[in-house]
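Structural features, examined
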Amino acid sequence: MDKISIIAIAIAQVVVVICVLIIFLQRKSTKTLIENLTTMIDDATKGTLKSKRPDGSVFSDLEVKMNQYLKICIVRNRRVKEKKDRIKSLIAEVAFQTQAPLADVKMYSDMLLDQKDLSDDTRKIAERISTQGERLNTMLEALVKISVLESGLNSIKPKSQNIGNLLCEVSQELLPLAEKKGIAIQYKKKKIQAVFDYPWTLVAISNILENAIKYSKENSMVKVNVMQYDMYARVDITDNGMGIDYTETEAIFKKFYRTKEAKEQEGLGIGLYLARHIIREQCGYIKVSSIVGKGTMFSVFLPRV
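Here the structure is a predicted model, which is why all the values come from computation and not from measurement.

Some remarks on the packing of helix α4 (residues 163–173) against helix α6 (residues 198–214)
- Where α4 meets α6, the axes come as close as 10 Å, and the angle between the chain directions of the two elements is 50°. Viewed along their axes, α4 and α6 adopt a mutual orientation that is oblique. At the point where α4 passes α6, the crossing takes the right-handed sense. Contact with α4, carried on its side by Asn-165, Leu-166, Leu-167, Glu-169, Val-170, Ser-171 and Glu-173, involves Tyr-198, Thr-201, Leu-202, Ile-205, Ser-206 and Leu-209 of α6 and no other residues of that element.
- Grouping the amino acids of the contact of α4 with α6 by side-chain chemistry returns 7 nonpolar, 4 polar and 2 charged.

Structure (structure tokens):
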């Protein structure tokens, strides 16, 4: 082997060593950078974000930009929290300030209705006052719930429990409303586990079942059924009402939306909006199938795991 070949081999070996060394240093640098960024994110999550490393060394350009971004996020989160706290206080104040006047309206209207010597016109006025007072109270409660949910102030805490108990409670609560129209609520209690928040889901299912009763024909039947799939528990609420045109099956979940036929009944148009919002917050969903003039079935799907 001549001298030139030996020199070429030596140079090649040196180049290989240098490349290996560069790759090693690059990987070490990348690993260190990732570890530093991970630590930075963890510190930001804990609220202990620092402008320098513990050893006093400065950040790289990428770390500086990440540090600035995380600081902006922390400030924004703090402002959002402060805003939510203000909204929470406002909601509580509104609810508190209106509770007493509404209670007075209801009490005095009921006292007036208890009078036996009222004229027909006066009695009608008193009944109207009582009805509107109840409607206003219902509206206030619904708006407070919506504000709580939309502000992210809700305390929805899903856990695995028996959905049958909830359906039984809802059916019993709405039985007096159904009996006024001669409507039977058909429900056979089943023990099926699902993951949901009991109080909030009670509100959602109650809103759907109340609508089913409200819009069903007199002396008919509303069916409540629950079944289980591998991933979901399905609750079907079927009525014998006016039905919903397929072009409106999505619109009915909008806030304050009411179909032309539904406007003939008392209502606010927020029950289904609230129901969908609650179910979605628990990783569930609602489906609607309806035939105009025959009835509607709402299917609520709640996760089982």
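Picking up after the structure, the text goes on.
Digging into unusual backbone geometry
- Of note, the phi angle at Asn-219 is positive, near 55°, even though the residue is not glycine.
- Along the chain, Asn-219 falls in the loop between α6 and β4 (221–228).
- A relative accessible area of 64% places Asn-219 in the exposed class.
- Backbone geometry at Cys-283 places phi at a positive 65°, although glycine is not the residue there.
- Positionally, Cys-283 belongs in the loop between α7 (271–281) and β6 (285–291).

Let's talk about the packing of aromatic side chains
- What the rule picks out here adds up to 6 aromatic pairs.
- One aromatic cluster is present, built from ring pairs that chain together Tyr-229, Tyr-232, Tyr-285 and Phe-301.
- Just above the ring of Phe-253 sits the side chain of Arg-276; from NZ or CZ to the centre is 4.1 Å.

Side note on the nonpolar core
- Formed by 46 residues in total, the largest nonpolar core has its most connected members in Ile-163 and Leu-167.
- For this core, the leading source of residues is α6, giving 9 residues.
- Those residues in contact with Leu-167 that lie beyond four places of it in its chain are Tyr-187, Ile-205, Val-224, Val-226 and Val-235.

About the thresholds
Residues numbered from 1 in each chain as written. Predicted model: local features only at pLDDT ≥ 70, side-chain atom pairs only at ≥ 80, totals over all residues. Heavy atoms only, no water. Axes fitted to C-alpha atoms, helices over the stretch in contact; angles between N-to-C directions. Helix = DSSP H or I, 4+ residues; strand = E, 2+ residues; numbered from the N terminus. Parallel < 35°, antiparallel > 145°, perpendicular 65-115°, else oblique. Left-handed = near helix turned anticlockwise from the far one by under 90°. Contact = heavy atoms within 4.5 Å. Nonpolar A, V, L, I, M, F, W, Y, C, P; charged D, E, K, R; others polar. Buried < 20%, exposed > 50% of the residue type's maximum accessible area, 1.4 Å probe, protein only. Phe/Tyr/Trp six-rings, centres within 6.5 Å; stacked < 30°, edge-to-face > 60°. Lys NZ or Arg CZ within 6 Å of the ring centre and 35° of its normal. Core = buried A, V, L, I, M, F, W, Y, C linked by side-chain atoms within 4.5 Å.

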